[in-house]
Amino acid sequence: MKTKLTITLLLLVAPVVLCAQNWDYIRSSGEYYYGVGYGATVTEATKNGMAEVMNMISVNVADDFTMLSESDNENGNIEHKELIVRSLSCISQASLTNVERWVIEDEEPNCAVRCFIRRDELARIYESRIDRAQNYIVLAEEALQKRKLSMALQYYYWSYALICSLQYPNEVKDGQGRLLITEIPARMRDVLSGVKVEIVKREGVYLELLFKYNDEPVSSIGFNFNDGRGISDMDAKDGIGYMELSPDFDKEYIHIGIEYEYKELARGDAEMNSILSVIAKKSFREANYTLKTPVDNEVVIEETKLKQALDMAVNGSVRFDVNPSSTQVMANANDYKAVMDKVIAAVESGNYQSATEYFTIDGLEVFNELIAYGNGRVVGVPDVNIFKSTDGRAVARGLQMAFSFKRGTKKMFVEDVVFTFNKEGKIENVAFGLGKDSTNDIMCKQATGWDDMTKEMVMEFLENYKTAYCLKRLNYIETIFSDDAIIITGNVVKRKETPVMNERQVSIEGNEIITYNRQTKKEYIDRLRNVFRRNEFINIHFTNNEVQWLEKFKDEKVYAIRLGQEYNSTSYADMGYLFLLVDMTNREEPLIKIRTWQPSEITLDEWYNAGDFY
């Protein structure tokens, strides 16, 4: 009976397979877009065959395509067919995952290739974009609640761009029946209208800015300006942003633009990168600010008023201060603060050697690496607090430093810098902090098993992890990965050869595809070594965090950590989701058992989690 059933199934499947592989059927069935390409090489023939496929798609959808762009509405000079080609180029460059080819002649220079794709593949692509756009709106609104305006504006705008790339953008609605093509820009205008930018003070070429949203300091926001030499991209965090002008800057006013397109972060996402490159950028006058340039050493907002603005929300509650709890207060905190004053003075003066006596050998090594990370300088008014650790150590928080890089696109990152003292009062470690919101999320966590030591361990691990990648501390990274760690990386790579028939691909023209690779520890470390070598800077920012203690491991402290990660480097940038499974049973020697990365288009319920592995 089983044999008969198998034969029957094969007979049912066989005609479909035979039909799909019959060129006459492909041309006559009306189920496919197809084309034949000729060229000196198989690669060239495939490209020409794809051009024929895209031309056939253009002809078939031209009559009812209603692509929307701002420039079309303003002057009407862009032809209808150009709109079609513009949108379809997004698909050809990033989304046609089911294009198949037959090489009917591979003898150079007379190669010939047949390319074809099912017609319903277009509908699948558009449906996928709608789902992704709606998911981005959810993420944007969650980010807005936490005053993470950089994420909120980015996801709103990427959602808008996805809708613009559809065949029928004027038919996509939200749950209340509102057209997203008009609703999303309205929401963005509302958000941008709530942003207020003020200059705090000027010191030489450096300006300090205060960013608020609905009268509360923002958690994060991106902005750009022309420093007199070109456009500089900056990030503000916890309400404060910084600018560096050119030495000969003499303009009466400074023009600042709030970032919302975030094309750089789409470089790791072939489809989104292609769409943002094709869709005409939507302009928002609410994103532009003009501020009068202060004179040198002018203080516009006094220190006491600035602190009030940063600390107090509309309802009068403290938002940003990270203070020691009753169990974390150090009896001799002033002794540690005195040391920190001398370290800060050494950084400000550039006389780093004057502070070496306050460090251990290991601490001094990290400190020197941090000082060498860009053009580092102390910013703002240091408000250092000393936290008593459960193991007898002390941690100093409250210092911010700005690090600027000037090769290619000018970048500046503002980082919280955390100093850890050993039991003898020497600084044994220096790390980049996670930001006050993320710090509060962990330090205020109330859950089973989350005592002060647990919170400290998680914070310590994440800060050291972030710092190791920023400072390219390859030796440290190698020690925290278990020898048998499961490492899954996702990245954008270039195909060296044209894919064979039936191989799923993201792009023919760009030859870019997001790949998921299982790597050994050695392969991963070797890859990192190359990444570190070819980039002037690497910066990692965690946008959110979820930490779960796996109670099933009763005798071990194993934690599942899920993070949103913004990755920036000299040559590459992306956004994605990071999952780490870490054994912290030995606090001094944490071990990563699992590390995975997924691109930003993955919905939240598709994140990797501990249940996928255990």
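So, how was this worked out
- Residues numbered from 1 in each chain as written.
- Predicted model: local features only at pLDDT ≥ 70, side-chain atom pairs only at ≥ 80, totals over all residues.
- Heavy atoms only, no water.
- Pairing = 2+ DSSP bridges.
- Helix = DSSP H or I, 4+ residues; strand = E, 2+ residues; numbered from the N terminus.
- Axes fitted to C-alpha atoms, helices over the stretch in contact; angles between N-to-C directions.
- Buried < 20%, exposed > 50% of the residue type's maximum accessible area, 1.4 Å probe, protein only.
- Contact = heavy atoms within 4.5 Å.
- Core = buried A, V, L, I, M, F, W, Y, C linked by side-chain atoms within 4.5 Å.
- Phe/Tyr/Trp six-rings, centres within 6.5 Å; stacked < 30°, edge-to-face > 60°.
- Lys NZ or Arg CZ within 6 Å of the ring centre and 35° of its normal.

Let's shift gears to the sheet that holds strand S2 (residues 100-105). Spatially, 3 strands are ordered S1-S3-S2 in an open sheet, and the strand pairing comes out antiparallel. Edge positions in the sheet fall to strand S1 (32-39) and S2, since each of these pairs with one other strand and no more. When strand polarity is set aside, the average angle formed by the axes of neighbouring strands in this sheet is 20 degrees. Across 8 bridges, S1 lies against strand S3 (residues 111-118) in antiparallel orientation. By the bridge assignment, Val36 is partnered in S3 with Arg114.

This part takes up the environment of Glu183. You can see Glu183 is positioned in helix H8 (residues 180-193). The class of Glu183 is buried, set by a relative accessible area of 16%. Through-space distance from the C-alpha of Glu183 to that of Lys173 is 8.8 Å; in sequence the pair is 10 residues apart. Sequence-distant contacts of Glu183, that is, excluding residues within four places in its chain, are made with Asp174 and Arg178.

Our next topic: the nonpolar core. For soluble globular proteins, nonpolar side chains are generally found buried alongside one another. Core analysis: the largest hydrophobic core is formed by 89 residues, its most contacted members being Trp158, Phe211, Phe223, Met243, Ile256, Ile258 and Met272. Sort the elements by how many residues they give to this core and helix H7 (residues 149-164) lands first, with 13 residues. Grouped together as the second largest cluster of nonpolar side chains are 37 residues, Val347, Leu364, Val378 and Phe413 included.

Glancing now at unusual backbone geometry. With an omega dihedral of 5 degrees, the bond running from Glu108 to Pro109 counts as a cis peptide bond. Here Pro109 is to be found in the loop between S2 and S3. Within the chain, Lys472 stands out as a residue other than glycine whose phi angle is a positive 60 degrees. The residue Lys472 is located in the loop between helix H14 (452-470) and helix H15 (474-480) in this model. Residue class for Lys472 comes out partly exposed when judged on its relative accessible area of 27%.

Bringing the packing of aromatic side chains into the picture now. Applying the stated criterion to the full structure yields 26 aromatic pairs. Judged by centre distance (4.9 Å) and plane angle (75 degrees), the rings of Tyr336 and Phe421 are edge-to-face. On the criterion of sequence distance, the pair formed by Tyr336 in helix H11 (residues 333-349) and Phe421 in strand S15 (residues 410-421) is long-range, its members being 85 residues apart. Using a relative accessible area of 9% as the deciding quantity, one classes Tyr336 as buried. Phe421 sits in the buried class, given a relative accessible area of 0%. Chaining the aromatic ring pairs together yields one cluster made of Tyr373, Phe403, Phe405, Phe413, Phe432 and Phe537. One cation-aromatic arrangement involves Arg118 over Tyr32; the distance from NZ or CZ to the ring centre is 5.4 Å. Residue placement shows Lys292 over the ring face of Tyr253; its charged tip is 5.5 Å from the ring centre.

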